[in-house]
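Residue strings, one per chain:
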Amino acid sequence: MDARLRAVLIAAGALGAIASAAMAEPATTFSEPAEQWTALGVSNLDACAATSRLPLVEIDHAAGACECITDRDGRDCCGALDDWCQPVWTVSFGSVFLQRSRLDRAVIATPPTGTPGVLLNGSDFDFETGAGPDVSIMRRTNRGLIWEARYFNDRSAEDTFGIPTVTSFRIAGIGVTILGGGPINARYETELDSSEINLHQPFGDRVTFLAGFRWVELHDALRVDIATPATFTNWDDNNHMYGGQIGTRIAFTDPGNPLSVTCAIKGGVYYNDADNVFTSTIVSSDSSTDEATAFVGDLNFTAAYQLTSHIAIQGGYQIVRLGNVAIAADSAANTTQIPGGTSSPVDPDAWLWYHGATAACVVTW
């Protein structure tokens, strides 16, 4: 079976399993409001007002989802026998501040043949922290299922490395001599885009199981200027990853607490359609493609504080793991001169980490 089709079937099967299980459960009904608040320990309207920073929603009483009372200031305070009512819509607007892990020691430039040593390798690049948007939207259904869509990117990570003066060397298997000597200036750029849609099935107050589909794009580019910007070699690698993921989200705080602390863990198998384009002003160009079964894992810790009944501030820390992806440093290390031209094969077998802080404003209703 084609790897792309297999990844799509995994995602569809997981989503179908959650939906089937949820549809089999009857809708929950609760007792009269006075009995609910007695069970919750809310004995009067002053106690209700004290909880006004919790997420509140308009409740359809006919649906029997939960009941509400109104405090003396006209604020709704909603609850069930064993849980607080949850918002129907949750929208988050924020940013991610991610740093990519240092590369392996893929040899890119060496002294002339027969001379030991390394002039430039992948581990010479230490990427700075990049920033990008992080947007998500969640919709809770009447039966408790939660649909979630999220997009974030990290498009500004880069690093440079320079050698002031060199006369002769081999770069990516290509022998080069600079008459009179000159510099080597390398620039490495990387971009990460992630889009996903998940379906959550709650199990109790604090745990949900999720399954969904994710699309990840990883772009990697390495340019090496030899003596002048007009004399260069350039590798441009792209990874187009599509696949299914499963995971869980765990809440460490009580649903009635204005401060919420959660952890989400996700992982999945992906079809990776990778390609590399090599261009140069000193040798012939080349391009190549390859397919691989990739892995994407995600660990996300968040803490949010409810400022009002509809607005919260949120901060956290995220770790993203990518496996079996193509990067420019590996393509550079594999580039060689062959009879009649240049060979620069793509090699999707690298493993990377992204990690860093997240921050957002969360709106619920």
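So, how was this worked out
Residues numbered from 1 in each chain as written. Predicted model: local features only at pLDDT ≥ 70, side-chain atom pairs only at ≥ 80, totals over all residues. Heavy atoms only, no water. Helix = DSSP H or I, 4+ residues; strand = E, 2+ residues; numbered from the N terminus. Contact = heavy atoms within 4.5 Å. Areas by Shrake-Rupley, 256 points an atom, 1.4 Å probe, with all protein chains shown as cover. Polar contact = N/O pair within 3.5 Å; in protein donor to acceptor, adjacent residues only side chain to side chain. Salt bridge = Lys/Arg side-chain N within 4 Å of Asp/Glu carboxyl O. Buried < 20%, exposed > 50% of the residue type's maximum accessible area, 1.4 Å probe, protein only. Core = buried A, V, L, I, M, F, W, Y, C linked by side-chain atoms within 4.5 Å. Phe/Tyr/Trp six-rings, centres within 6.5 Å; stacked < 30°, edge-to-face > 60°. Lys NZ or Arg CZ within 6 Å of the ring centre and 35° of its normal. Pairing = 2+ DSSP bridges. pLDDT = per-residue confidence, 0-100.

Quick word on the overall build of the protein
When helices and strands are tallied, the protein shows four helices and 16 strands. Taking all contacts inside the protein whose residues are at least 6 apart in sequence as the whole, residues at least 24 apart take part in 70%. When the accessible surface of the protein is split by element, carbon and sulfur atoms take 58% of a total near 16,600 Å².

Thoughts on the side chain of Asn 198
Mapped onto the elements of the fold, Asn 198 is located in strand S8 (residues 174–203). Only 2.9 Å separates the side chain of Asn 198 from the side chain of Glu 196, close enough to count as a polar contact. At a separation of 2.9 Å, a polar atom in the side chain of Asn 198 contacts the side chain of Gln 245. Among residues more than four places away in sequence, those in contact with Asn 198 are Ile 146, Trp 147, Glu 148, Leu 210, Ala 211, Gly 212, Phe 213 and Gln 245.

Some points on the pattern of salt bridges
Across all of its chains, the model carries ten salt bridges by this definition. Of the charged contacts, one joins Arg 150 and Asp 134 as a salt bridge, the two residues approaching to 3.0 Å between their closest N and O atoms. You can see Arg 150 sitting in strand S7 (residues 146–171) and its partner Asp 134 sitting in strand S6 (residues 130–140), a full 16 residues away along the chain. Judged on exposure class, the residue Arg 150 and its partner Asp 134 are both buried.

Here's the deal with the nonpolar core
In terms of nonpolar packing, the biggest core is built from 44 residues, with Tyr 188, Leu 222 and Val 224 touching the most fellow members. Per element, the largest residue contribution to this core is seven residues, and it comes from S8. When residues no more than four places from it in sequence are discounted, the contact partners of Val 224 are Leu 120, Ile 171, Ile 184, Asn 185, Ala 186, Thr 231, Phe 232, Thr 233 and Trp 235.

What to know about the packing of aromatic side chains
The geometry of an aromatic ring pair comes down to the distance between the two centres and the angle between the two planes. According to the stated counting rule, one finds seven aromatic pairs in the structure shown. Note on Trp 89 and Trp 365: the rings are 6.3 Å apart at their centroids and 20° apart in plane angle, and the pair reads as stacked. Separated by 276 residues along the polypeptide, Trp 89 in strand S3 (residues 89–100) and Trp 365 in the segment after strand S16 (350–364) bring together distant segments of the chain. Joined through ring pairs, the aromatic side chains of Phe 125, Phe 127, Phe 161 and Tyr 188 make up one cluster. The ring of Phe 232 is capped by Arg 223, whose NZ or CZ atom sits 4.0 Å from the centre of that ring.

Description of the environment of Phe 97
Tracing the backbone through its elements, the reader meets Phe 97 in strand S3. Along the backbone, Phe 97 and Ala 131 are 34 residues apart, and their C-alpha atoms lie at a distance of 4.5 Å. In this view, Phe 97 contacts Thr 129, Gly 130, Ala 131, His 355, Gly 356, Ala 357 and Ala 359; residues no more than four positions away in its chain are not counted.

Structural notes on the pairing of strand S10 (residues 228–251)
Along a regular strand, successive side chains alternate from one face of the sheet to the other. Pairing analysis gives 20 bridges linking strand S9 (residues 207–226) to S10, with the strands arranged antiparallel. Bridge pairing in S10 links Glu 217 to His 240. What sits between S9 and S10 in their antiparallel hairpin is a turn of one residue, with Ala 227 showing a positive phi close to 75°. Two elements, S10 and strand S11 (residues 259–280), share 19 bridges in a ladder whose sense is antiparallel. Directly across from Asp 237, in S11, lies its bridge partner Asn 276.

Thoughts on the environment of Ile 197
The topology assignment puts Ile 197 in strand S8. Here Ile 197 falls in the partly exposed class, since its relative accessible area comes to 41%. For the pair Ile 197 and Met 138, spaced 59 residues apart in sequence, the C-alpha separation works out to 9.8 Å. The residues touching Ile 197, leaving out its near neighbours within four places in the chain, are Trp 147, Glu 148, Ala 149, Ala 211, Gly 212 and Phe 213.

Topic: the confidence of the model for the protein
For the protein, the mean per-residue pLDDT works out to 81, and 76% of the residues sit at or above 70. Contacts for the low-pLDDT stretch residues 21–84, under 50 throughout, to residues beyond four places or in other chains number 114 contacts.

Quick look at the pairing of strand S12 (residues 286–306)
The pairing of S11 with S12 spans 20 bridges and is classified as antiparallel. The residue bridging Gly 268 from the neighbouring strand is Val 296, located in S12. Between the end of S11 and the start of S12, which pair antiparallel, lie five residues. Summarising the sheet, S12 and strand S13 (residues 311–325) pair through twelve bridges and their orientation is antiparallel. In the sheet register, Asp 298 faces S13, and the bridge partner there is Val 320. Linking two consecutive strands that pair antiparallel, namely S12 and S13, is a turn of four residues.

Some remarks on the environment of Asp 275
With respect to the secondary-structure elements, Asp 275 resides in strand S11. With a relative accessible area of 18%, Asp 275 lands in the buried category. With sequence-adjacent residues up to four places away left out, Asp 275 is seen in contact with Asp 236, Asp 237, Asn 238, His 240, Ser 288, Thr 289 and Val 346.

Let's talk about unusual backbone geometry
Phi at Ala 227 takes a positive value of approximately 75°, unusual for a residue other than glycine. Looking at where Ala 227 falls in the secondary structure, it is placed in the loop between S9 and S10. On the basis of relative accessible area, Ala 227 is assigned to the partly exposed category, the value being 34%. In the Ramachandran plot, Asn 324 falls in the positive-phi region, its phi being about 60° despite a non-glycine side chain. Of note, Asn 324 is situated in strand S13. Classification of Asn 324 as partly exposed rests on a relative accessible area of 24%.

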